[in-house]
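Descriptive analysis of the structure
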Amino acid sequence: MNPYDDSAPASTTGLPAAGGRIVGGVADGEDQAVEAALRPKDLGEFIGQERVREQLDLVLRAARARGATADHVLLSGAPGLGKTTLSMIIAAEMGAPIRITSGPAIQHAGDLAAILSSLTEGEVLFLDEIHRMSRPAEEMLYMAMEDFRVDVVVGKGPGATAIPLELPPFTLVGATTRAGLLPPPLRDRFGFTGHMEFYAPAELERVVHRSARLLDVEIAADGAAEIAGRSRGTPRIANRLLRRVRDYAQVKADGIVTREIAAQALEVYEVDARGLDRLDRAVLGALLKLFGGGPVGLSTLAVAVGEERETVEEVAEPFLVREGLLARTPRGRVATPAAWAHLGLVPPQQGSGGPGQSALFGG
Ligand SMILES: Nc1ncnc2c1ncn2[C@@H]1O[C@H](COP(=O)(O)OP(=O)(O)OP(=O)(O)O)[C@@H](O)[C@H]1O
């Protein structure tokens, strides 16, 4: 089976299309189906993110003690780090129902007014990708968050009138991959902002053990460590890799996930020991083998791997930069010594000519 085989369009080289990556942070159809079963249900069960957890615990306890609705909460961080999970935990801890929607689903202020006016007292409204809401909806949200009131405009042109509508107190939980994209007036209306960090390997090991227990998968400590090490700091990826390793263990072995089985399985899916997939390695390989480690322009690098500029820049590079394998410099992309070591290659001698002259290939 091709692990990248999904509805996303194939790239020209047959490299994985961005949408179908086994190491992608964004949820795919299968993730959505299983994630509900794997979500921690309360703060105690939520692994890692110590600081956010502790701060949130205080916010929620204090609100409960006052018998009040919790302050609005903004959660920022990469996809798959647990923002949706935390919003559900907030609702559960407050004993409140939750309504889930997203910025792109709210294109008109009227869409938002309809949701807000149907909330019950204390309800949690989870607004994913809040930075992608339309401007008029965003402006309506300011007043709703601050005064629990909206003005619904009826009619058009000079005859239009604004009818004020009282809302029950509610808690907005906004999630965004980039808090910096939010306009300051919106950001300022949140009482609490939690920044979700990538998870440490030891935390991901705990995520893998917990999910294995829930999925009834027998796993050795070193098997969980192997999966955690390849999960790019992201619980969603850890859970996805665990499912693929489980399949492999069932078909090729006795069903028990050991380090050896996990490593063999993830080799089949082309996820290496550090969590790089075929696209990442193609980019790194081209940078090292064709351009002597750079500097080389982004466009040139993209052509060399047969990918769109945006795919290289937005899909492959962030993780390579985070891992300290690639640097973006004003003169172009440059491989670090760790990149040479990771691909088992030897950097060319300084001043030896050859492929090291890649600065010529501007992009
Ligand atoms: N701290 C955690 N402990 C255990 N499991 C976690 C944790 N965080 C996330 N997960 C698991 O990872 C999966 C993805 O989490 P979630 O959907 O909350 O991520 P997200 O940040 O909301 O992603 P997106 O931005 O794509 O919506 C869930 O199935 C959840 O079980």
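Rules and cut-offs
All residue numbers refer to positions counted from 1 along the written sequence of the respective chain. For this predicted model, a pLDDT threshold of at least 70 governs which residues receive local features, and a threshold of 80 or more governs which side-chain atom pairs are given and counted, while totals over whole chains, interfaces and linings are taken from all residues. Each side-chain value is derived from all of the structure's non-hydrogen atoms; neither hydrogens nor water enter the calculation. Starting at the N terminus, helices and strands are each numbered in turn, a helix being any DSSP run of H or I of at least four residues and a strand any DSSP run of E of at least two. To estimate the expected span of a helix, subtract one from its residue number and multiply by 1.5 Å. For every residue, the accessible area (1.4 Å probe, protein chains only) is compared with the maximum for its type, and the residue is labelled buried under 20%, exposed over 50%, or partly exposed between those bounds. Between two residues, a contact is recorded if the distance between any of their heavy atoms is within 4.5 Å. Each pair of strands is called paired provided DSSP finds at least two bridges between the two strands. Put simply, a residue is near a molecule or strand once any heavy atom of it comes within 4 Å of that molecule or strand. A 3.5 Å cut-off defines polar contacts: any pair of N or O atoms within that distance qualifies, except that in protein one atom must be a possible hydrogen donor and the other a possible acceptor, and neighbouring residues in sequence count only when both atoms are side-chain atoms. What sets the accessible areas is the Shrake-Rupley method with a 1.4 Å probe; for residues, cover comes only from the shown protein chains. Polarity classes work like this: nonpolar for Ala, Val, Leu, Ile, Met, Phe, Trp, Tyr, Cys and Pro, charged for Asp, Glu, Lys and Arg, and polar for all others, with Gly in that last group. An automatic or database domain assignment supplies the residue ranges for each domain. To obtain an axis, a line is fitted to C-alpha atoms, over the contacting stretch when the element is a helix, and the angle between two such axes runs from 0 to 180 degrees between their N-to-C directions. Every angle not falling under 35 degrees, over 145, or within 65 to 115 is termed oblique; those three ranges are roughly parallel, roughly antiparallel and roughly perpendicular. A crossing counts as left-handed when the near helix is turned anticlockwise from the far one by less than a right angle, and as right-handed when that turn is clockwise. Per residue, pLDDT measures the predictor's confidence, with a range of 0 to 100. The directions considered for the arc are those from the helix axis to the C-beta atoms. Pairing of aromatic side chains here covers Phe, Tyr and the six-membered ring of Trp, requires ring centres within 6.5 Å, and sorts the geometry by plane angle: under 30 degrees stacked, over 60 edge-to-face, intermediate tilted. Charges are assigned to positions over rings by a cutoff of 6 Å between ring centre and Lys NZ or Arg CZ, combined with an angular limit of 35 degrees from the ring normal.

**Description of helix H5 (residues 135-147)**
In an α-helix there are 3.6 residues to a turn, and that puts residues three or four apart on one side. The terminal C-alpha atoms of H5, which comprises 13 residues, lie 19 Å apart, in line with the 18 Å expected from a rise of 1.5 Å per residue. Residues of H5 that are buried include every one of Ala137, Glu138, Met140, Leu141, Tyr142, Ala144 and Met145, and no others. Residues of H5 that are buried make contact with helix H4 (109-117), strand S3 (124-128), strand S4 (149-154), strand S6 (171-176) and helix H6 (184-187). Backbone geometry just after H5 places Phe148 at a positive phi near 50°.

**Points about the pairing of strand S8 (residues 326-329)**
In this structure, S8 lies alongside strand S9 (residues 332-335), joined through 4 bridges in antiparallel fashion. In the sheet register, Thr329 faces S9, and the bridge partner there is Gly332. The hairpin turn running from S8 into S9, its antiparallel successor, is 2 residues long.

**Observations regarding the site of the ligand**
For the ligand, the set of nearby residues contains 19 residues, the closest of which are Ile47, Lys83, Thr84, Thr85 and Arg236. Here Leu81 contributes a backbone N or O atom positioned 3.2 Å from an oxygen atom of the ligand. Here a nitrogen atom of the ligand sits 3.1 Å away from a polar atom, N or O, in the side chain of Tyr199. For the ligand, whose free accessible area comes to 630 Å², the fraction covered by protein is 95%. Mapped by element, the contributors of at least two residues to the shell around the ligand are helix H1 (29-38), helix H3 (83-94) and helix H9 (235-252). Here the residues of the shell around the ligand sort into 9 nonpolar, 5 polar and 5 charged. Inspection of the shell around the ligand shows a minimum of three residues originating in each of domain 1 (35-195) and domain 2 (201-268).

**Details of the sheet that holds strand S1 (residues 73-76)**
Strand order in the open sheet formed by 5 strands is S2-S3-S6-S1-S7, and the pairing between neighbours is parallel. Both outer strands of the open sheet, strand S2 (98-102) and strand S7 (192-195), are each paired with one neighbouring strand and no more. Neighbouring strand axes in the sheet, compared pairwise and without regard to direction, differ in orientation by 15° on average. Sheet topology note: the S1/S6 ladder contains 4 bridges and is parallel. Along S6, the bridge assignment pairs Leu74 with Gly174.

**Some details on the packing of helix H7 (residues 201-214) against H9**
Remark: H7 packs on H9, axes separated minimally by 9 Å, with the N-to-C direction vectors making an angle of 45°. Between H7 and H9, the angle is such that the two are oblique. Between H7 and H9 lies a crossing of right-handed hand. Along its contact with H7, which presents Leu204, Val207, Val208, Ser211 and Ala212, the element H9 presents Pro235, Ala238, Asn239 and Leu242.

**Description of unusual backbone geometry**
Look at the link from Gly294 to Pro295: it is a cis peptide, with omega at 5°. Following the sequence through the fold, Pro295 ends up in the loop between helix H11 (278-289) and helix H12 (298-305). A positive phi angle is found at Glu129, which is not glycine, with a value near 45°. Mapped onto the elements of the fold, Glu129 is located in the loop between S3 and H5. Notably, Asp216 is not glycine yet its phi reads approximately 60°, a positive angle.

**Structural notes on the confidence of the model for the chain**
Within the chain, residue pLDDT values average 88, and 91% of them lie at 70 or more. Counting contacts from residues 1-18, a segment whose pLDDT is below 50, to residues more than four positions away or on other chains yields 34 contacts. Considering only residues more than four positions removed or in separate chains, one finds that residues 353-363, a stretch of pLDDT under 50, has 22 contacts. At the level of chain-chain contacts, confidence expressed as ipTM amounts to 0.97, with global pTM at 0.87.

**Remarks on H1**
What H1 keeps buried is the set Asp31, Glu35 and Leu38. Take H1 and look down its axis: the buried residues cluster within an arc of 65°, on one side only. Opposite the buried face of H1, at more than 90 degrees from it, the exposed residues are Gly29, Gln32, Ala33, Ala36 and Ala37. Turning to H1, the residues buried within the fold contact H7 and H9.

**So, the packing of aromatic side chains**
Per the counting criterion, the structure on display carries 1 aromatic pair. A ring pair is formed by Phe148 and Phe170, whose centres lie 5.4 Å apart and whose planes are at 80°; its orientation type is edge-to-face. Taken as a pair, Phe148 in the loop between H5 and S4 and Phe170 in the loop between strand S5 (161-166) and S6 lie far apart in primary sequence, 22 residues in all. The exposure class of Phe148 is partly exposed, given its relative accessible area of 22%. Between the NZ or CZ atom of Arg232 and the centre of the ring of Phe319, over which it lies, the distance is 3.8 Å. The lysine or arginine in question, Arg322, covers the ring of Phe198, its NZ or CZ lying 3.4 Å from the ring centre.

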